[in-house]
Amino acid sequence: MTLSPLAIPRGGQVLVAGSLAFDQIMVFDGQFKDHILPEKLHVINISFLVTDMQRQRGGCAGNIGYTLALLGERPRLIAAAGNDFSGYRTWLEEQGCDVDAIAVHDDVTTASCFITADHDDNTITGFFPGAMARAGDLSLRERAGDHAAIAIVAPDDPAAMLRHCREARDAGLPFVFDPSFQVTNMTGPDLADAARGAALMALNDYEYAVFKQKTGRDDAGVFELVERVAVTLGAEGSKIADRDGGELVIPAARVDAFVEPTGAGDAWRGGLLAGLARGYDLATSGRIGSVAAAYAVEHKGPQQHSYTQDEFAARYRDNFGELPSRSGGGDR
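Residues numbered from 1 in each chain as written. Predicted model: local features only at pLDDT ≥ 70, side-chain atom pairs only at ≥ 80, totals over all residues. Heavy atoms only, no water.

A. Broad picture of the overall build of the chain. Along the backbone of the chain there are 10 helices and 14 strands. A compact globule built from 332 residues should have a C-alpha radius of gyration of about 20 Å, and the chain, at 20 Å, falls within 12% of that. Taking the principal axes of the C-alpha coordinates as reference, the chain spans close to 60 × 45 × 45 Å. Within the chain, the fraction of its 332 residues that count as buried is 54%. Taking as baseline every contact in the chain between residues at least 6 positions apart, the subset at least 24 positions apart corresponds to 70%. In the structure as shown, the chain presents an accessible area of about 14700 Å², 48% of it carried by carbon and sulfur atoms. (Helix = DSSP H or I, 4+ residues; strand = E, 2+ residues; numbered from the N terminus. Rg over C-alpha atoms; globule rule 2.2 N^0.38 Å. Buried < 20%, exposed > 50% of the residue type's maximum accessible area, 1.4 Å probe, protein only. Contact = heavy atoms within 4.5 Å. Areas by Shrake-Rupley, 256 points an atom, 1.4 Å probe, with all protein chains shown as cover.)

Written out as structure tokens, the structure is:
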């Protein structure tokens, strides 16, 4: 069945509202379980000597914006950052992102995630929201600029996500609601409120199940809120369905050497949006997302990979054939 097209103005700018963060990734060359005594969990006090530590640029807005910039777009990032953001800001600007709508707070640091992984890839994580806690003060409407074509509202402070979805909806701006891991931190009513009117909602299969459970809706009930749902399935690819019963199954692109999955979902979303911004249909845009995600999982960290547009086009061709003409028509 034909899937309803997601039509957006050609040549416009993609707005990316979401978090900016630093990921502090540490490696413990052992197994956590060998150092945890079950009978002492009530008084746990333990330290792990790590053998490697990397500080990497991250946050969903940064990751999605980075992929869009690699693919030749100039996404406008709407986010809150802190007093340690200067170098990251310069990096994003050099890659081709529009950073003028980022609010920098001098009295707090940028959000930071502290991840310690053991030899079995078990992780212990701490997250400090920092400036992200003030993202709810930002108005998407006031920071949208003059050429907005579509917005994605990605994981951020929940109050900010709710506000940005409402403002996009009130302005008649097509938007993608991307609750991702924040489905666990938002209430059912807030999730439904944020999703209402979205041109597309994007989650992985587990997050979609949580969304339905928290909102008390089945698939039909979800489509009372949103026009389309995109569900990513890891190595199995992704699928996009609409409220009229249409469904696309989008295969994953081949991965040369899997390293780790951080940032793959954000890369997929960036690729999808880049395709839509250039007038491709959902089937082609989803495949662009698959190729972008393949690059991401071949590197440690969400912004450590790079490619030219020619290299990307060649890899798309190797996986899916030539890019079709950009007709903007429906999907089959």
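B. Highlighting helix α5 (residues 188-195). Most of α5 sits inside the fold, with 6 of its 8 residues counted as buried. Where α5 is buried, its residues contact α4 (158-171), β10 (175-177), β11 (200-204) and α6 (205-215). Two to three positions downstream of the cap, the backbone nitrogen of Asp190 sits 3.2 Å from a side-chain oxygen, assigning the N-cap of α5 to Thr187. Phi for Gly197, located one or two positions after α5, is positive at around 90 degrees. (Polar contact = N/O pair within 3.5 Å; in protein donor to acceptor, adjacent residues only side chain to side chain.)

C. The sheet that holds strand β7 (residues 111-117), seen in detail. Strand order across the open sheet formed by 4 strands is β3-β2-β7-β8, with mixed pairing between neighbours. Only two strands of the sheet have a single neighbouring strand rather than two, namely β3 (52-58) and β8 (123-128). Between one strand axis and the next, the sheet turns through 15 degrees on average, direction left out of account. Across 7 bridges, the pairing between strand β2 (residues 21-27) and β3 is antiparallel. Its bridge partner being in β3, Val27 is matched across the sheet by Asp52. (Pairing = 2+ DSSP bridges. Axes fitted to C-alpha atoms, helices over the stretch in contact; angles between N-to-C directions.)

D. Structural detail: α6. Considered for burial, the residues of α6 that qualify are Glu207, Tyr208, Val210, Phe211 and Thr215. In a view along the axis of α6, the buried residues occupy a sector of 160 degrees, so they form one face of it. Among the exposed residues of α6, those oriented more than 90 degrees off its buried face are Tyr206 and Gln213. Buried residues in α6 make contact with β10, α5, β11, α7 (219-222) and β12 (228-232). A distance of 3.1 Å separates the backbone nitrogen of Tyr206 from a side-chain oxygen at the start of α6, and that oxygen is part of Asn204. Looking one or two places after α6, you find Gly216, whose phi comes out positive at around 70 degrees. (Arc of directions from axis to C-beta.)

E. Expanded view of the packing of aromatic side chains. One pass over the structure, following the stated rule, counts 10 aromatic pairs. Ring plane angle 55 degrees and centroid distance 4.9 Å describe the contact between Phe28 and Phe48, whose orientation is recorded as tilted. Highlighted residues: Phe28 in the loop between β2 and β3 and Phe48 in the loop between β2 and β3, separated in sequence by 20 residues. Through pairs of rings, three or more aromatic residues link up here, namely Phe22, Phe85 and Tyr88. Taking NZ or CZ as reference, Arg287 lies 5.7 Å from the ring centre of Phe320, over its face. Over the face of the ring belonging to Tyr295 we find Arg315, whose NZ or CZ atom lies 4.6 Å from the ring centre. (Phe/Tyr/Trp six-rings, centres within 6.5 Å; stacked < 30°, edge-to-face > 60°. Lys NZ or Arg CZ within 6 Å of the ring centre and 35° of its normal.)

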